[in-house]
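# Secondary and tertiary structure notes
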Amino acid sequence: MTAFLPDQPMLEGLFRFIALDVETANAHRHSISQIGLAGVRMDGTIETFATYIDPEEPFAPFNTELTGISTATVRGAPTFAQAWPLMAPALSRHLLVQHSGFDEKAITAACLTSGLGKPKLHWADSVKIARKAWPEFRGNGGHGLGHLKEALGLEFHHHDAGEDARAAAQVVLQAEQRLGKTIEQITGKTAHLQLSFAF
């Protein structure tokens, strides 16, 4: 786990795409307690970063049991309002990958709740990408990270934001290989500062 400090860079430079995952403290989408990032370099290597976030809200027992994150865990961590302005410039330059639509909704809700305005980000969904690459999983385990972990031989600790972000990135990379297409070709989405990538 990397502590989030203003003088410590999270992910530096240009990536093909960045996978993002969040964990929350309770049923409120804006109650983010952890943010994980996994940046995929041009050569396919993955760099990760994760930080705890103080949601400034109570933790629900269900969420703490699921993620292992509690009030004690986030003590001394930055609030979302403190952390996001340091992360947003780099994230806004890249195509972001989320596994399902929850992460985009949570980030948007946290930005609005924190008075930061709606973020201008470019999102792709690795669930939709996985459905195109492995249609045989529909009704046969599905395309959630839990099943993909087993089916694709991924190694990660589920419900840790950094680990889940890395897993989402790995899903996209395997899907690209299976389909013989780039993420841009699969999704039709891009970010304006992305570099093109060819197999």
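A few points on the structure.

What counts as what
- The residue numbers shown here count from 1 along each chain, following its written sequence.
- Thresholds applied to this predicted model are a pLDDT of at least 70 for local features of residues and 80 or more for the giving and counting of side-chain atom pairs; totals over whole chains, interfaces and linings are not thresholded and use all residues.
- Remark: hydrogens and water are excluded; side-chain values derive from all non-hydrogen atoms of the structure.
- Here a salt bridge means any side-chain nitrogen of Lys or Arg lying within 4 Å of a carboxyl oxygen belonging to Asp or Glu.
- The helix and strand labels rest on DSSP assignments: H or I over at least four residues marks a helix, E over at least two residues marks a strand, and numbering proceeds from the N terminus.
- Type-normalised accessible area, obtained with a 1.4 Å probe on protein chains alone, sets the label of each residue: buried when under 20%, exposed when over 50%, and partly exposed for intermediate values.
- We treat two strands as partners when DSSP finds at least two bridges between them.
- Every residue pair with non-hydrogen atoms within 4.5 Å of one another is taken to be in contact.
- Arc definition: it is the arc formed by the directions from the helix axis to the C-beta atoms.
- N or O atoms closer than or at 3.5 Å make up a polar contact, with two conditions inside protein: a donor-capable atom paired with an acceptor-capable one, and, for residues adjacent in sequence, both atoms drawn from side chains.

## Notes on the pattern of salt bridges
- A full pass over the atoms with the stated rule returns three salt bridges.
- In this structure, Glu136 and Arg178 form a salt bridge, with 3.2 Å as the shortest nitrogen-oxygen distance. With Glu136 in the loop between α4 (126–133) and α5 (145–151) and Arg178 in helix α6 (residues 161–179), this residue pair connects regions lying 42 residues apart in the sequence.
- Since its relative accessible area comes to 38%, Glu136 is described here as partly exposed.

## What about the pairing of strand β1 (residues 17–24)?
- Among the eight residues that make up β1, eight are buried, leaving the element largely enclosed by the rest of the structure.
- Because side chains alternate across β1, one face comprises the buried residues Phe17, Ala19, Asp21 and Glu23, and the other comprises Ile18, Leu20, Val22 and Thr24, equally buried.
- For β1 and strand β2 (residues 32–40), the ladder comprises eight bridges, and the chain directions are antiparallel. Residue pairing across strands places Ile18 opposite Gly39, the latter belonging to β2.
- Looking at chain direction, β1 and strand β4 (residues 95–98) are connected through two bridges and run parallel. Its bridge partner being in β4, Ile18 is matched across the sheet by Leu96.

## Considerations on the environment of Pro58
- Here Pro58 shows up in the loop between β3 (46–52) and α1 (61–67).
- Accessibility expressed as a relative area gives 62% for Pro58, which makes it exposed.
- C-alpha separation for the pair Pro58 and Ser70, spaced 12 residues apart in sequence, amounts to 8.8 Å.
- Apart from residues lying up to four places away in sequence, Pro58 is in contact with Ala25 and Asn26.

## Details of α4
- Of the positions making up α4, those classed as buried are Ser126, Val127, Ile129, Ala130 and Ala133. Taken end-on, α4 shows its buried residues confined to a sector of 160 degrees, consistent with a single buried face.
- Close packing links the buried residues of α4 with β4, β5 (122–125), α5, α6 and α7 (183–187).
- Between a side-chain oxygen at the N-terminus of α4 and the backbone nitrogen of Val127 the separation is 2.8 Å; the capping residue is Asp125.

Shape is all these values report; function is a separate question.
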